[in-house]
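Here is how the chains run, residue by residue.
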Amino acid sequence: MFFDIPDLPQWVLTACQYMLAAAIVLSTIRVVKGPTLVDRIIALDLIAALTMAQCVLLTLVSGFIPYLDIAIAIALISFIATVALVRYLESKDL
């Protein structure tokens, strides 16, 4: 269940975590303030992708492999939700 952490300096992993966290915060602001519904949908997709990246980075930091399963689950749910939302908006005729 665990693997050896690659030979990356700790500051690199920490800097990546902070950059991903900042991107998630900025995307959340876009979800709240987005002028159109399409902007909000794209921002939600971006948050899902950033969360997946955060899970992969957490796998690198901790060495606990099941975090990758969480990232895959987030990808599947995000894809299905986006397709369903677009189908709904397509039938709604905005």
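Residues numbered from 1 in each chain as written. Predicted model: local features only at pLDDT ≥ 70, side-chain atom pairs only at ≥ 80, totals over all residues. Heavy atoms only, no water.

### Points about the environment of Ile65
For step 1, the next point in the chain: Among the structural elements, Ile65 can be located in the loop between helix H2 (37-62) and helix H3 (66-92).
For step 2, the next point in the chain: Expressed as a C-alpha distance, the spacing of Ile65 and Cys55, which sit 10 residues apart in the sequence, is 9.8 Å. (Helix = DSSP H or I, 4+ residues; strand = E, 2+ residues; numbered from the N terminus.)

### Quick word on the confidence of the model for the chain
For step 1, the next point in the chain: Looking at the chain, pLDDT values average 90 and 91% of them are 70 or higher.
For step 2, the next point in the chain: Per-element averaging of pLDDT across the chain places H3 at the bottom with 92 and helix H1 (residues 10-33) at the top with 95. (pLDDT = per-residue confidence, 0-100.)

### Notes on H1
For step 1, the next point in the chain: The end-to-end C-alpha distance of H1, which contains 24 residues, comes to 35 Å, matching closely the 34 Å that a straight helix rising 1.5 Å per residue would cover.
For step 2, the next point in the chain: The complete set of buried residues in H1 reads Leu13, Leu20 and Ser27.
For step 3, the next point in the chain: On its buried face, H1 is in contact with H2. (Expected span 1.5 Å × (residues − 1). Buried < 20%, exposed > 50% of the residue type's maximum accessible area, 1.4 Å probe, protein only. Contact = heavy atoms within 4.5 Å.)

### Re the packing of aromatic side chains
For step 1, the next point in the chain: Following the criterion strictly, the structure yields 1 aromatic pair and no others.
For step 2, the next point in the chain: Centre to centre, the rings of Phe64 and Tyr67 are 5.4 Å apart; their planes meet at 75°, and the pair counts as edge-to-face.
For step 3, the next point in the chain: The class of Phe64 is partly exposed, set by a relative accessible area of 27%.
For step 4, the next point in the chain: On the basis of relative accessibility, which here comes to 25%, the residue Tyr67 falls in the partly exposed class. (Phe/Tyr/Trp six-rings, centres within 6.5 Å; stacked < 30°, edge-to-face > 60°.)

### Observations regarding the environment of Leu20
For step 1, the next point in the chain: The topology assignment puts Leu20 in helix H1.
For step 2, the next point in the chain: C-alpha separation for the pair Leu20 and Gln54, spaced 34 residues apart in sequence, amounts to 6.8 Å.
For step 3, the next point in the chain: Residue contacts for Leu20: discarding those within four places in its chain leaves Leu50, Ala53, Gln54 and Leu57.

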